[in-house]
Each structure stands twice: as C-alpha cells, then as structure tokens.
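# Examining the three-dimensional arrangement
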Amino acid sequence: MADAFFYTTPLDPLAQPLVEQLTWEYATRYGSYFGEPPGAEMSRYPASLFAPPEGNFVLVLREGRAIAGGAFKRYDEQTAELKRVWTDTAFRRQGLARRVVEELEAQAVRQGYGKIFLTTGFRQPEARDLYLNSGYTPLFDPAVDPEIYKKLAFEKDLAVANHPPLTPAEQLPLSAA
C-alpha cells in the first residue's frame, strides 16, 4: 500500500503516537531550559489553530499507521507558521519530513498564504538542516553558535519557491479527511 496524506486534527487518535514522540523529544532535548515544564511547547496552542480556514494538520499514513506529520497555523494575514513537523523514529531517513513540509507549503498556498514562517530549537540540527535544504531563509547567522539564538527562525516566500519536482516514488496521493 502506498503512503498517503491524510488531513485531520492533532486530536485524532491516529496522530497520538507522533504527538507523544514529539513531546518526549522536546522534553528530553530541552527539559526546562526555557523556564517551562518539559514538553510545554506541545500544549501551547489549541488544536483549533491547526484547522481550516486558517491552519491545517496533515499525517502521512502507511498501511493505516501515521508515520509522519506536521501542521501550520496563521501567523499573520499572508503568512502561515509551520509547526509540529515530525517523523516517527522508526521511519527516519526516508525523506518523509521533506514531503510533509512540501505538502504543508502547497496546502498553505491553497489556503491563500504566500509565505511561511517557522522556528525550531537550537538543539534540533536535523530540523535546521531540513529547512536550510528546503529553501528557507534563516533569520539568524548559521555560522554562529545556535544556542545564542535559542530558537532558530526561518521564512520562505511561497510565491517564488522553486522546489525540485518530486520523483514519482516520492509523490504521495492526497487523501481527503
């Protein structure tokens, strides 16, 4: 069975294993570094912010199991803010996060946004590299120790985004929620 995008909500039971893994990841990488309880980032926003018309939440399903996902919410009138991009630890190194980012960008355009903004933590070099390699402009100096910034901000103009086309094997069919 081919992988498929599935638009839903972060409260969907299918999403819970990914949400739990991401919460654990934040808790173990940052603890209370930012002065909040470990994993507090995951309860910062209500699920309703990741729902149309201003946001969205997508999963990649493989044989009925969520193996990757991500979301966006409204940042401002023209800008969506990418959040919660995550790949199940058992399915890493397959390009799934990149596919999620590209799908979320396309969905943001379909919902009327022209730009993406996001932040990732300084202890997430995998995420930093994903966004740098996906055409995002860093709003920080990548040559400086990232801990100085704490949160690494990026942006991308979707009107001029020039993604290399996905190969047929990388393309996922779009499933309706």
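Our subject is the structure that appears above.
Just so we're clear, the structure is a prediction, and the values are computed from it rather than from any experiment. (Residues numbered from 1 in each chain as written. Predicted model: local features only at pLDDT ≥ 70, side-chain atom pairs only at ≥ 80, totals over all residues. Heavy atoms only, no water.)

### Focus on the nonpolar core
- Membership of the largest hydrophobic core comes to 28 residues, with the highest contact counts inside it found for L82, V85, I116, Y131 and Y136.
- Of all elements in the fold, only strand 1 (4-7), strand 2 (56-62), strand 3 (65-76), strand 4 (79-87), helix 2 (96-110), strand 5 (115-121), helix 3 (125-133) and strand 7 (151-157) reach the threshold of two or more residues within this core.
- Here this core gets 6 residues from one element, more than from any other, and that element is helix 2.
- Beyond its immediate chain neighbours, meaning those up to four positions away, Y136 contacts L82, V101, E105, I116, L118, Y131, F154, E155 and K156. (Core = buried A, V, L, I, M, F, W, Y, C linked by side-chain atoms within 4.5 Å. Buried < 20%, exposed > 50% of the residue type's maximum accessible area, 1.4 Å probe, protein only. Helix = DSSP H or I, 4+ residues; strand = E, 2+ residues; numbered from the N terminus. Contact = heavy atoms within 4.5 Å.)

### Side note on the pairing of strand 4
- Taken across its 9 residues, strand 4 has 9 buried, putting it largely inside the fold.
- Note that strand 3 and strand 4 share 7 bridges and pair antiparallel. For R74, the partnering residue across the bridge sits in strand 4 and is A80.
- What sits between strand 3 and strand 4 in their antiparallel hairpin is a turn of 2 residues.
- Judged from the 3 bridges that link them, strand 4 and strand 5 form a sheet pairing that is parallel. (Pairing = 2+ DSSP bridges.)

### Topic: the environment of V60
- By the element assignment, V60 lies in strand 2.
- In this structure, the C-alpha to C-alpha distance between V60 and F6, residues 54 residues apart in sequence, is 6.2 Å.

### As for the pattern of salt bridges
- In total, this model carries 12 salt bridges according to the counting rule given.
- Salt-bridge contacts for K83 lead to E81; the nearest nitrogen and oxygen are separated by 3.9 Å.
- Its salt-bridge partner being R98, residue E102 comes within 3.3 Å of it at the nearest N-O pair. Taken together, the residues E102 and R98, both in helix 2 and 4 residues apart, mark about one turn of the helix.
- Residue class for E102 comes out buried when judged on its relative accessible area of 15%.
- Judged by its relative accessible area of 25%, R98 falls in the partly exposed class. (Salt bridge = Lys/Arg side-chain N within 4 Å of Asp/Glu carboxyl O.)

### Description of the packing of aromatic side chains
- Evaluated as defined, the whole model comprises 7 aromatic pairs.
- Aromatic side chains Y75 and F117 sit 4.4 Å apart centroid to centroid with 25° between the ring planes, which places their arrangement in the stacked category. Of this pair, Y75 sits in strand 3 while F117 sits in strand 5, and the two are 42 residues apart along the sequence.
- By relative accessible area, F117 is classed as buried at 14%.
- A centroid spacing of 5.6 Å and a plane angle of 75° characterise the contact between Y131 and Y136, whose relative ring orientation is edge-to-face. For the residue pair Y131 and Y136, the accessibility class agrees, reading buried in each case.
- Chaining the aromatic ring pairs together yields one cluster made of Y131, Y136, F140, Y149 and F154.
- For R92, the ring lying beneath its charged end belongs to W86, and the centroid distance is 4.6 Å. (Phe/Tyr/Trp six-rings, centres within 6.5 Å; stacked < 30°, edge-to-face > 60°. Lys NZ or Arg CZ within 6 Å of the ring centre and 35° of its normal.)

The values are spatial; any link to function lies outside them.
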